[in-house]
Amino acid sequence: MLDFRFLSPTEIIFGKGTETAAGEECKKYGKKVLFHYGGQSIKKSGLYDAIVASLKAAGLDFVELGGVQPNPRLRLVREGIRLCREEGVDFILAVGGGSVIDSAKAIALGVPYGGDVWDFYIGQAQPGQALPTGAVLTLPATGSEASRASVITDQDSGLKRSVNFEPSRPRFAIMNPELTFTLPPFQTACGVADIMSHAMERYFTAVPHVELTDRLCEAVLKTVINNAPMVLSEPENYDARAEIMWAGTLAHNDLLTTGRVSDFASHMIEHELSAFNDVAHGAGLAIVFPAWMRYVYKHDVARFVRFAAEVWNVEPSYFLPERTALEGIKRLRAFFRSLGLPVSLAEIGVYPEHFEALAKNTRRFKGGKVGNFVKLDTDDIIEILRLAQ
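Now for a description of the structure that goes with this document.

Conventions adopted
- The residue numbers shown here count from 1 along each chain, following its written sequence.
- Confidence filtering applies because this is a predicted model: local features only for residues at pLDDT of at least 70, side-chain atom pairs given and counted only at 80 or more, and all residues used for totals across whole chains, interfaces and linings.
- Calculation of side-chain values draws on the structure's entire complement of heavy atoms; hydrogens and water are dropped beforehand.
- The helix and strand labels rest on DSSP assignments: H or I over at least four residues marks a helix, E over at least two residues marks a strand, and numbering proceeds from the N terminus.
- The reference for a compact globule is 2.2 Å times residues^0.38; the radius of gyration itself is calculated from the C-alpha atoms.
- Whether two residues are in contact is decided by their heavy atoms, any of which lying within 4.5 Å being enough.
- The nonpolar core is taken to be a set of buried Ala, Val, Leu, Ile, Met, Phe, Trp, Tyr and Cys residues, with the residues joined through side-chain atoms within 4.5 Å.
- Accessibility here uses a 1.4 Å probe with only protein chains present; expressed as a share of the type maximum, an area under 20% marks a residue as buried, one over 50% as exposed, and anything in between as partly exposed.
- Strand pairing is assigned whenever DSSP identifies at least 2 bridges connecting the two strands.
- When two rings of Phe, Tyr or Trp (its six-membered ring) have centres within 6.5 Å they constitute a pair, described as stacked for plane angles under 30 degrees, edge-to-face for angles over 60, and tilted for the intermediate range.
- A ring is scored as having a charge over it whenever the NZ atom of a lysine or the CZ atom of an arginine sits within 6 Å of its centre and within 35 degrees of its normal.

### Overview of the overall build of the chain
Now for step 1: Looking only at helices and strands, the chain features 15 helices and eight strands.
Now for step 2: Rg of the C-alpha trace for the chain: 20 Å, near the compact-globule value of 21 Å for 389 residues, within the 12% margin.
Now for step 3: Along the longest, intermediate and shortest principal axes, the C-alpha atoms of the chain span 70 × 45 × 45 Å.
Now for step 4: For the chain, contacts bridging at least 24 residues in sequence account for 77% of all contacts bridging at least 6.

Given below as structure tokens:
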């Protein structure tokens, strides 16, 4: 186990009806609020009216900015920065899923900065401060409600990039599983794939002696696997929704990273897919992750055997460990398929002629490669994409 520091300051306010506390929570951190959200779904569900009533009851001034799309756009972030400056906003409330929260974080980074906020995402500047944010979560998936990460897409350049900045963690996250009852099955399934991917990015590590966090990762994965079919067949099953919602937060608030080095190659590759054709992030991960596994499993067969046995209940073959490892990968892919997710690039309109550009665009870590479990170059990424055909 490696030395580490762990900080997770986001206050979690979890349970039925908790969205009515939004105004009082915002009031602790600011006087004028940007109410940031996506499309019409929160108006149809009544959540919009509940948030407005809560802000007014707390005596807060607020302005609104809707229109956040999946794979949130830089253009709207820039509009939010302009609006916050003009209106004197000092707190941002994101009401929605990870895309809305990521967009809010990006706006919060950009308001106090003299240059273009995109500078942070392409590594030309480092953030120094940010407006405080809070979240009312409606889609468990990205874990953005308690993470330091923000991911934004610039449609003009065709790039999707991320920033990790500790002060970007929301001050609070209001999490009512009832708000997820009306999610379409595909969105629910994409969220499940994203949550599982966050846990697996941590699980596949080269750091030894990390038994506790291994077991925490396995617990998150098994909880999601057990409850996902239930919420798809019983959309208003509060307990199953609650399990998945809390798992999503724990998968990405950095608890599972403690003492180990995570990978995140699959996320970096998928970011290029969603920037290329706007595929839902979770759907892209359902395609990329099993292919990445097939490419790298020989690097540490024992870890993949453990994944198969502990997560998928595969009976280990002591004399044929590779067969056990491959069976675990097969069951992961089949599980994604059972949720109604795509599991091949052809299903989303990505073909071999696109692979080289996607591989070259994939964001690299220092040293020009991506990933930590196995460090990948452009040729490696192309091979993974071929396995994902």
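### Examining the nonpolar core
Now for step 1: Met 196, Met 200, Trp 292, Met 293, Phe 304 and Phe 336 are the most contacted members of the largest nonpolar core, which has 68 residues in total.
Now for step 2: Formed by 37 residues, the second largest nonpolar core is a distinct cluster that contains Ile 92, Val 111, Ala 125 and Leu 131.

### Concerning the environment of Phe 91
Now for step 1: Tracing the chain through its elements places Phe 91 in strand β4 (residues 91-96).
Now for step 2: Separated by 27 residues in the primary sequence, Phe 91 and Trp 118 have C-alpha atoms spaced 21 Å apart.
Now for step 3: Ignoring any residue separated from it by four or fewer positions in sequence, one finds Phe 91 in contact with Cys 26, Tyr 29, Gly 30, Lys 32, Val 33, Leu 34, Pro 132, Thr 133, Gly 134, Arg 171 and Phe 172.

### What about the pairing of β4?
Now for step 1: β4 sits mainly inside the fold: six of its six residues count as buried.
Now for step 2: Burial along β4 is two-sided: the residues Phe 91, Leu 93 and Val 95 and Ile 92, Ala 94 and Gly 96 are all buried.
Now for step 3: Sheet analysis places strand β2 (residues 32-37) next to β4, joined by five bridges and oriented parallel. In the strand pairing of β4, Val 33 is matched with Phe 91.

### Examining the packing of aromatic side chains
Now for step 1: Applying the stated rule across the entire model yields 22 aromatic pairs.
Now for step 2: Each ring, one from Tyr 113 and one from Phe 120, has its centre 4.4 Å from the other, and the planes form 45 degrees; the classification is tilted.
Now for step 3: Accessibility expressed as a relative area gives 21% for Tyr 113, which makes it partly exposed.
Now for step 4: The ring of Tyr 238 is capped by Lys 16, whose NZ or CZ atom sits 4.7 Å from the centre of that ring.
Now for step 5: Here the basic side chain of Lys 43 rests over the ring of Tyr 48, its NZ or CZ set 4.9 Å away from the ring centre.

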